Amino acid sequence: MKEKRTAVLISCFGWYEQRLELIRDVLKEEYNVLVLMADFDHIKKSAVETQIPECIYLHVPPYKKNISLKRIKSHLCFGSLVKRYIEETSPSLLYLIVPPNHIARHCLQYKQAHKDCKYLIDIVDLWPESMPFGNIKKFLRFSGWKDMRNDSLKVADHIFVECDLYRKKLDKVMDKRRSTVLHLYKRLSSDEHKLVVSLLEETKRTCLKNKRKLALGYVGSINHIVDHHKICGFIEGLVCAGWEVALHVIGDGEERENFLAGARRAGGQCIYYGKVFDFAEKANILCRCDYGLNIMKDSVEVGLTTKSLEYFSMGIPLINNIRGDTWDIVEEYGAGINYRDLSYVLSEIQNEGDELRDNALKCYSELFTPDVFRKKFCEAMEQVESGGKRLV
C-alpha cells in the first residue's frame with residue numbers, strides 16, 4: 001500500500017469549524033493531514049478551553065488588546081513555531097490561512113526550497129488594508145506588511161479568497177486563473193434548522209403589520225472596526241421617525257460600553273446578553289429580531305462578515321453597509337436593506353414584509369452550507385492536482 005503524503009494546514013485564529021474541518025475531510029483521502037493552530041482564542045482573549053482532537057495546538061503568549069505589541073509578539077511566536085514544525089515534518093502540501101501575513105513568508109521559503117510541495121494560500125482578511133487606520137496609512141510604511149502576503153500569491157499553486165472583493169483588491173498581484181472564491185460555511189444540524197424555521201414562523205404569526213416597534217439584533221465582536229456612531233445615528237433616526245427601538249446585543253469587545261451607552265443616548269432600549277455560544281439560546285434571541293446589524297467603518301476592506309452568516313442562517317435580514325459580496329448578495333436575494341443613507345433605510349423599513357426572512361434563509365442554503373463549500377474546494381483541488389490547468 002502506497003504511503004500517504006503529509007499535508008499541513010495552518011491557521012493562527014482557528015477557523016476549524018468554519019473552514020478547515022471540511023478541507024481536512026477532503027484531503028485526508030490522499031494525505032496524512034496535520035492541522036496547526038494557536039492555543040490562544042483571539043475572540044475570548046484567553047487560552048483555548050476545548051481543544052479539537054484533530055488539531056495540534058502551538059503555545060503562544062496571550063494578549064488583551066487587538067492593537068498592541070503583545071499581540072504582535074504572540075503572532076510572531078506562532079510563525080516561528082510553524083516554521084520549525086514544517087521543516088521537521090517535510091509536508092508535500094501546505095495550506096495556509098492568512099492573516100497573520102508573516103507566516104506566508106515562512107511557507108514561501110519552504111516552497112522555494114521544496115519545489116514539488118503544493119502551496120495553497122487562503123485569504124480570509126486583508127491586512128493591513130482592512131484595518132481602520134484612516135489617513136495614517138499614507139504616512140506609515142505598510143508595503144512590507146503587504147509583501148509578506150503578496151509574494152506568496154505570485155507563486156502559490158492555488159489561492160482561495162473568502163470573498164470576491166478580496167480577489168478584486170488583489171488583482172494585480174495574483175493570477176485569477178489559479179484562484180477560487182471560497183465563502184465561509186456555517187454548519188447547522190437538522191435540529192438547529194428546525195428550531196430556526198419554528199422560531200421564524202412564530203415570529204411571523206406574532207408580528208403586527210405597520211407596528212411602530214422595531215427589534216434590531218447585533219452579534220459578534222464590538223471593536224474598533226464596528227461603526228457604532230452610524231448605528232447609533234440610525235437608531236436616533238428611527239426614534240425621531242416615531243419608532244420604538246429595542247437593540248439586542250450578543251458579543252463583547254473593547255468598544256462595548258461606548259456602543260451601548262451611545263445606543264441608549266440615541267433613544268434605544270438596549271438588552272445586552274454578553275457572550276452567547278449556545279445555538280438555541282442565540283437563535284431564541286436573534287430570530288425574534290426584525291433585522292441584524294452589519295455595519296462597519298467605511299475604511300474597512302471586507303466583503304463578507306461572519307456575523308452575516310449568523311444572520312442568514314437564522315433567517316434574519318440585514319441592515320448592511322458592507323460593500324462587495326454582502327452588498328451584492330443582499331441586492332440579489334432581497335435579504336435585507338443596504339444602507340445607502342438614513343432616509344433610504346427608513347423608507348425601506350416602512351415597506352418591507354416577511355418575505356425578507358425567507359430570502360435570508362434561502363441565501364444561506366444556496367451559498368453558505370458545507371455542501372456548497374465542499375463542492376467548490378474539490379473543484380479547485382482537481383485543478384491543483386492536474387498541474388494548475390483549469391478543468392472547466
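Everything numeric here is computed off the predicted structure, so don't read it as measured data.

(A) Here's a closer look at the pairing of strand S12 (residues 269-274). Direction of pairing for strand S11 (residues 244-250) relative to S12: parallel, over a ladder of five bridges. Of the residues in S12, the one forming a bridge with Val 249 is Tyr 272. Crossover handedness for the path S11 to helix H8 (residues 256-265) to S12: right-handed.

(B) Here's a closer look at the packing of aromatic side chains. Under the definition given, this model contains 10 aromatic pairs. Aromatic rings pair up to connect Phe 13, Trp 127 and Trp 145 into one cluster. Across the ring face of Trp 327, the terminal group of Arg 323 is positioned such that the distance to the ring centre comes to 3.6 Å.

(C) Expanded view of helix H14 (residues 370-385). With 16 residues, H14 extends 22 Å between its outermost C-alpha atoms, agreeing within 8% with the 22 Å of an ideal straight helix rising 1.5 Å per residue. Taken together, the buried positions of H14 are occupied by Pro 370, Phe 373, Phe 377, Ala 380, Met 381, Gln 383 and Val 384. When H14 is viewed along its axis, its buried side chains cluster within an angular range of 155° and face the same direction. Exposed positions of H14 whose direction lies more than 90 degrees from the buried face are Asp 371 and Lys 375. At its buried positions, H14 is contacted by helix H1 (16-27), strand S6 (93-98), strand S7 (118-123), strand S8 (158-161), strand S9 (179-181) and helix H13 (355-367).

(D) Fine view of the side chain of Ser 152. With respect to the helices, strands and loops of the structure, Ser 152 is situated in helix H4 (residues 143-155). A residue is classified by how much of its surface remains accessible, and Ser 152, at 0% relative accessible area, is buried. Here the side chain of Ser 152 touches Tyr 119 through a polar contact of 2.8 Å, side chain to side chain.

(E) Structural view of the nonpolar core. Residues Ile 10, Tyr 95, Ile 123, Leu 216, Ile 319 and Ile 349 are the most contacted members of the largest nonpolar core, which totals 127 residues. The greatest single-element share of this core, amounting to seven residues, is contributed by strand S2 (residues 31-38).

(F) Quick peek at a nonpolar patch on the surface. Residues Leu 69, Ile 72 and Leu 76 make up a contiguous nonpolar surface patch of about 330 Å² in total accessible area. Along the chain, the position of Ile 72 falls in helix H2 (residues 69-89).

(G) Quick peek at the pattern of salt bridges. Under the criterion given, the structure shown has 23 salt bridges. Glu 202 serves as the salt-bridge partner of Arg 288, at 3.0 Å between the closest nitrogen and oxygen. Of the two residues, Arg 288 is situated in the loop between helix H9 (279-286) and strand S13 (291-294) and Glu 202 in helix H6 (residues 190-206); the sequence distance between them amounts to 86 residues. Here Arg 256 makes a salt bridge to Asp 252, at a shortest N to O gap of 3.3 Å. Take Asp 252: its relative accessible area is 26%, and that puts it in the partly exposed class.

(H) Examining the pairing of S2 more closely. Burial of S2 is extensive: seven of the eight residues sit out of reach of the surface. Across seven bridges, strand S1 (residues 5-11) lies against S2 in parallel orientation. Pairing of Val 8 across the sheet is with Leu 34, part of S2. With H1 bridging S1 and the parallel S2, this β-α-β connection has right-handed handedness.

(I) Examining the environment of Tyr 218 more closely. For Tyr 218, the position within the fold is in strand S10 (residues 213-219). Residue class for Tyr 218 comes out buried when judged on its relative accessible area of 1%. In this structure the C-alpha to C-alpha distance between Tyr 218 and Asn 294, which are 76 residues apart in sequence, comes to 7.7 Å. Aside from chain neighbours lying at most four places away, what touches Tyr 218 is Val 226, His 248, Val 249, Ile 250, Phe 259, Leu 293, Lys 307 and Tyr 311. Polar contacts involving the side chain of Tyr 218 include one to the main-chain carbonyl oxygen of Ser 221, which spans 2.5 Å.

(J) Fine view of the sheet that holds strand S5 (residues 55-58). In space, the seven strands of this open sheet follow the order S5-S2-S1-S6-S7-S8-S9, with parallel pairing throughout. Edge strands, defined here as strands with exactly one partner in the open sheet, are S5 and S9. Going across the sheet, the axis of each strand differs from the next one's by a mean of 20°, ignoring polarity. Sheet analysis places S2 next to S5, joined by four bridges and oriented parallel.

(K) Quick peek at the sheet that holds S13. The six strands are arranged S12-S11-S10-S13-S14-S15 in an open sheet whose pairing can be described as parallel. Looking at which strands have only one partner, the edges of the open sheet turn out to be S12 and strand S15 (336-338). Within this sheet the neighbouring strands show an average axis-to-axis angle of 20°, counted without direction. In this structure, strand S14 (residues 318-320) lies alongside S15, joined through three bridges in parallel fashion.

(L) Just H9, in detail. Here H9 has its buried residues at Phe 279, Lys 282, Ala 283, Ile 285 and Leu 286. Projected onto a plane normal to the axis of H9, the buried residues spread over an arc of 160° and lie on a single side. Buried residues along H9 sit in contact with H6, S10, S11, S12 and helix H10 (306-313). With a side-chain oxygen lying 3.3 Å from the backbone nitrogen of Ala 280, the N-terminal cap of H9 falls on Asp 278.

What counts and how
Residues numbered from 1 in each chain as written. Predicted model: local features only at pLDDT ≥ 70, side-chain atom pairs only at ≥ 80, totals over all residues. Heavy atoms only, no water. Pairing = 2+ DSSP bridges. Helix = DSSP H or I, 4+ residues; strand = E, 2+ residues; numbered from the N terminus. Right-handed = clockwise from strand over helix to strand, strands pointing away. Phe/Tyr/Trp six-rings, centres within 6.5 Å; stacked < 30°, edge-to-face > 60°. Lys NZ or Arg CZ within 6 Å of the ring centre and 35° of its normal. Expected span 1.5 Å × (residues − 1). Buried < 20%, exposed > 50% of the residue type's maximum accessible area, 1.4 Å probe, protein only. Arc of directions from axis to C-beta. Contact = heavy atoms within 4.5 Å. Polar contact = N/O pair within 3.5 Å; in protein donor to acceptor, adjacent residues only side chain to side chain. Core = buried A, V, L, I, M, F, W, Y, C linked by side-chain atoms within 4.5 Å. Patch = residues over 30% accessible without salt bridge, like charges linked within 9 Å, V, L, I, M, F, W, Y side chains within 5 Å. Areas by Shrake-Rupley, 256 points an atom, 1.4 Å probe, with all protein chains shown as cover. Salt bridge = Lys/Arg side-chain N within 4 Å of Asp/Glu carboxyl O. Axes fitted to C-alpha atoms, helices over the stretch in contact; angles between N-to-C directions.

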